[in-house]
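Residue-level listing of the chains:
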Number of protein chains: 2
Amino acid sequence: MREDTRAKIQEVALRLFTEQGYEATSLREIAEELGVTKAALYYHFKTKDDIVASVAGDRIAEQDEMLAWLRSQPQTPETRREFLRRYADQLEHSRHQDLGRFLERNQTSLRDHPTIKAMRMRMLEVAEALSAPDDPVRVRLRRSMALFTLHTGIWLTQHYDLTDEERREIARSVALEILEGPCGD
Amino acid sequence: MREDTRAKIQEVALRLFTEQGYEATSLREIAEELGVTKAALYYHFKTKDDIVASVAGDRIAEQDEMLAWLRSQPQTPETRREFLRRYADQLEHSRHQDLGRFLERNQTSLRDHPTIKAMRMRMLEVAEALSAPDDPVRVRLRRSMALFTLHTGIWLTQHYDLTDEERREIARSVALEILEGPCGD
DNA sequence: GTCTATACAGCGATAGAC
DNA sequence: GTCTATCGCTGTATAGAC
């Protein structure tokens, strides 16, 4: 019963941070929802930031895995397409989507947070790894935007009457369109 | 001398909010940088949020203007291209770029702020107005991503050794590429 | 009109009792 | 492992000096 207090804190905190924002959510709120006091949270986590860091760790490992795979493959259009599909599949898992939504919505608050900095750096590395060293900047930018479409697309289509699966499918197909440029690079 | 205290507050506040985040910047910081007390700020602005609202007002008017122009034109590829160019030109003015960067980085903090809500709604309306009522969702999404490229592109290319003008030119050309899709819609 | 002085509740964080 | 009590700081508010 007491063993998973830590996990419950992570769960409640991530949900409230995503709904209301990181800074707008007080430790008192989190504690009250769990039926404990603020100070009890400080037994499990050193700081408020620390709650976030504990959740973000897994995601970094996955990004590193994706990056290693991408770099181990030959730089071909098919590799890039396959990477985008894998990336989209990863986003489907709701835990990542929750974490992703949280990070997207709390960029400023967490800008100087080391774990979050590491995650953003990985994101840029991934975007860069989609291009060869001699590709011009505009090609790099276009491919980065393809990656961003997977993240943004699901949010941008929220106000249409679609299922989540349809949203993902549309985001995926637009991302693939953008990836290789007009009339196939 | 005292007349432009208000303008100076807006200027300093917007800069600090952008650099450090909205919630992470205290009114004491802003006041100290201007050589006044916190309470002086409350003479000029009712609340902290109110400082933001006062800055965002101008931008909403401009968005409405852009929207009115776009809706008054025939829905052709050339209209859309021209709109993207005008939008990019507007972004060039540093005041808008500052405001844009600020908003981008403080989405959560300001989510429930009425003026900011109005701005985000305009942004989505603009993205929607790039498409006809019977365009499929994937075409709408692609065109929205073209618009976003103008905002994001300048940030994404920050770590290359380019002038601001080169960055804008690249963002503009990639946005135009994305706008009309593979092999020109 | 423009600002200072002062007060207040709530915040993240810490110390120490149980 | 959780509590109470407390710290310095925040945004907000008002009374009153000039």
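Computed from a predicted structure; not experimentally measured. (Residues numbered from 1 in each chain as written. Chains lettered and ligands numbered in written order. Predicted model: local features only at pLDDT ≥ 70, side-chain atom pairs only at ≥ 80, totals over all residues. Heavy atoms only, no water.)

Enquirer: Account for the domain arrangement of chain A, with residues named and values stated.
Expert: Residue and element names in this part refer to chain A. Taken domain by domain, chain A comprises domain 1 (1–45) and domain 2 (56–180). A straight line from the C-alpha centre of domain 1 to that of domain 2 covers 29 Å. Opposite the six residues of domain 1 that make contact, domain 2 presents eight residues. Interface area for domain 1 against domain 2, summed over the two sides, is near 590 Å², with a carbon-plus-sulfur share of 67%. When the area that domain 1 buries against domain 2 is broken down by residue, the three leading residues are Leu14, Thr18 and Tyr22, summing to 76%. Remark: the boundary between domain 1 and domain 2 carries zero salt bridges. The interface formed by domain 1 and domain 2 holds zero residue pairs in polar contact (both at pLDDT 80 or more) in total. (Domains from an automatic or database assignment. Contact = heavy atoms within 4.5 Å. Buried area = accessible area lost by both parts, 1.4 Å probe. Salt bridge = Lys/Arg side-chain N within 4 Å of Asp/Glu carboxyl O. Polar contact = N/O pair within 3.5 Å; in protein donor to acceptor, adjacent residues only side chain to side chain.)

Enquirer: Give me the UniProt feature "DNA-binding region" (unreviewed entry) in chain A: which residues, what numbers.
Expert: The UniProt record marks residues 26–45 of chain A with the feature "DNA-binding region" (unreviewed entry), using the residue numbering of this structure. For residues 26–45 of chain A, the helix share is 75%, the strand share is 0%, and the end-to-end C-alpha distance is 14 Å. (UniProt positions renumbered as here; feature names shortened; annotations may be inferred. Helix = DSSP H or I, 4+ residues; strand = E, 2+ residues; numbered from the N terminus.)

Enquirer: Which residues make up the nonpolar core, and what values go with them?
Expert: Within the largest apolar cluster, 61 residues are counted, with the highest numbers of intra-cluster contacts made by Phe83, Tyr87 and Leu147 of chain A together with Phe83, Tyr87, Met145 and Leu147 of chain B. For this core, the element with the most residues is helix H8 (residues 137–156) of chain B, which contributes nine residues. Aside from chain neighbours lying at most four places away, what touches Tyr87 of chain B is Arg59, Met66, Met123, Leu147, Leu150 and His151 of chain B. (Core = buried A, V, L, I, M, F, W, Y, C linked by side-chain atoms within 4.5 Å. Buried < 20%, exposed > 50% of the residue type's maximum accessible area, 1.4 Å probe, protein only.)

Enquirer: Hey, could you go over the interface of chain A and chain B for me, with residue numbers and the actual values?
Expert: Facing 39 residues of chain A, the contacting portion of chain B comprises 40 residues. Of the roughly 3500 Å² buried between chain A and chain B on both sides combined, carbon and sulfur atoms contribute 69%. Residue Glu177 of chain A pairs with Arg142 of chain B through a salt bridge whose shortest N-O separation is 2.5 Å. Taken together, chain A and chain B are joined by six residue pairs in polar contact (both at pLDDT 80 or more). Where the side of chain A that touches chain B is concerned, the elements lending two or more residues are helix H1 (5–20), helix H7 (114–129), helix H8 (137–156) and helix H9 (164–180) of chain A.

Enquirer: How would you sum up the relation of the copies chain A and chain B? Please name residues and give values.
Expert: With an RMSD of 0.4 Å, the operation that places chain A on chain B is a rotation of 180° combined with a shift of 0.2 Å along the axis. Expressed as a symmetry operation, the mapping of one chain copy onto the other fits a two-fold axis. In this assembly the copies share their binding face: 100% of the residues contributing to the interface of chain A also contribute to that of chain B. (Least-squares fit on C-alpha atoms with pLDDT ≥ 70 in both.)

Enquirer: Describe in detail the pattern of salt bridges, supporting the description with residues and values.
Expert: Residue and element names in this part refer to chain B. One pass over the structure, following the stated rule, counts 42 salt bridges over all chains. The closest approach of N and O atoms between Glu92 and Arg168, which form a salt bridge, is 3.7 Å. Here Glu92, found in helix H5 (residues 77–92), pairs with Arg168, found in helix H9 (residues 164–180); they are 76 residues apart in sequence, far enough to count as distant. On the accessibility criterion, Glu92 (30% relative accessible area) is partly exposed. Classification of Arg168 as buried rests on a relative accessible area of 17%. Notably, a salt bridge pairs Glu92 with Arg172, separated by 3.8 Å at the nearest N-O pair. Of the two residues, Glu92 is situated in helix H5 and Arg172 in helix H9; the sequence distance between them amounts to 80 residues. You can call Arg172 buried: its relative accessible area is 14%.

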